[in-house]
Amino acid sequence: MAEATPDGVGAAGDGIRKVSFPIVGDLAGLRRLAREFLAPEAFDEMREMNFILAISEAANNVLDHAGTTGTVTLRRGDGQVVAEVSDRAGLLTDPEAGMTPPLVGSRRGYGLWLMRQMCDRVEILRDQAGSTVRLTVLRA
């Protein structure tokens, strides 16, 4: 199983920090990289854990449903942290997915709903490159 490693960390002239890394089978490594990237933001423990769980769930959805490669891009600055979890398959097309909880007793369908509970904003985007779930957490 390959380990998630960052493609690079950059800082734009506007103070925004950014890192991208591929989605591979190593979700623990992905969570570690996300935690390291979030450290300077000093979120409270619950807020940080929720955001990392949302990122991990979105990446797991790429592995489970997209059947292709994916990328996580994290940006911090301007009072927020944004995670974009993208895949090339483009199968996620409903921008309203996860707006309502799954039916009681469902074994699947909780991921996007939980992401929407744990983040300040969740956007589902699709273009010719594939699908992207954009997760945003604002500085409190």
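Above this text is the structure in question.
Draft legend 1. Up close: the pattern of salt bridges. On inspection of all chains with the given rule, the structure shows 8 salt bridges. Residues Glu41 and Arg76 are paired through a salt bridge, measuring 3.7 Å at the closest nitrogen-oxygen approach. Of this pair, Glu41 sits in the loop between helix 1 (27–38) and helix 2 (45–66) while Arg76 sits in strand 3 (residues 70–77), and the two are 35 residues apart along the sequence. An identical accessibility class is assigned to Glu41 and Arg76; each is buried. For Glu41, the salt bridge is made with Arg139, and the minimal N-O distance between the two is 3.6 Å. Of the two residues, Glu41 sits in the loop between helix 1 and helix 2 while Arg139 sits in the segment after strand 6 (130–138), which places them 98 residues apart along the sequence.

Draft legend 2. Region of the structure containing the packing of aromatic side chains. For the structure shown, the criterion picks out 0 aromatic pairs. The positively charged end of Arg76 is found above the aromatic ring belonging to Phe37, 4.5 Å away from the centroid. In this structure, Arg139 is placed above the aromatic ring of Phe43, and the distance from its NZ or CZ to the ring centre is 5.3 Å.

Draft legend 3. The arrangement of the side chain of Glu41 in detail. Take Glu41: its relative accessible area is 14%, and that puts it in the buried class. Those residues within four positions of Glu41 in sequence are excluded, and the remaining contacts are Arg76, Val81 and Arg139.

Each value, and the rule that gives it
- Residues numbered from 1 in each chain as written.
- Predicted model: local features only at pLDDT ≥ 70, side-chain atom pairs only at ≥ 80, totals over all residues.
- Heavy atoms only, no water.
- Salt bridge = Lys/Arg side-chain N within 4 Å of Asp/Glu carboxyl O.
- Helix = DSSP H or I, 4+ residues; strand = E, 2+ residues; numbered from the N terminus.
- Buried < 20%, exposed > 50% of the residue type's maximum accessible area, 1.4 Å probe, protein only.
- Phe/Tyr/Trp six-rings, centres within 6.5 Å; stacked < 30°, edge-to-face > 60°.
- Lys NZ or Arg CZ within 6 Å of the ring centre and 35° of its normal.
- Contact = heavy atoms within 4.5 Å.

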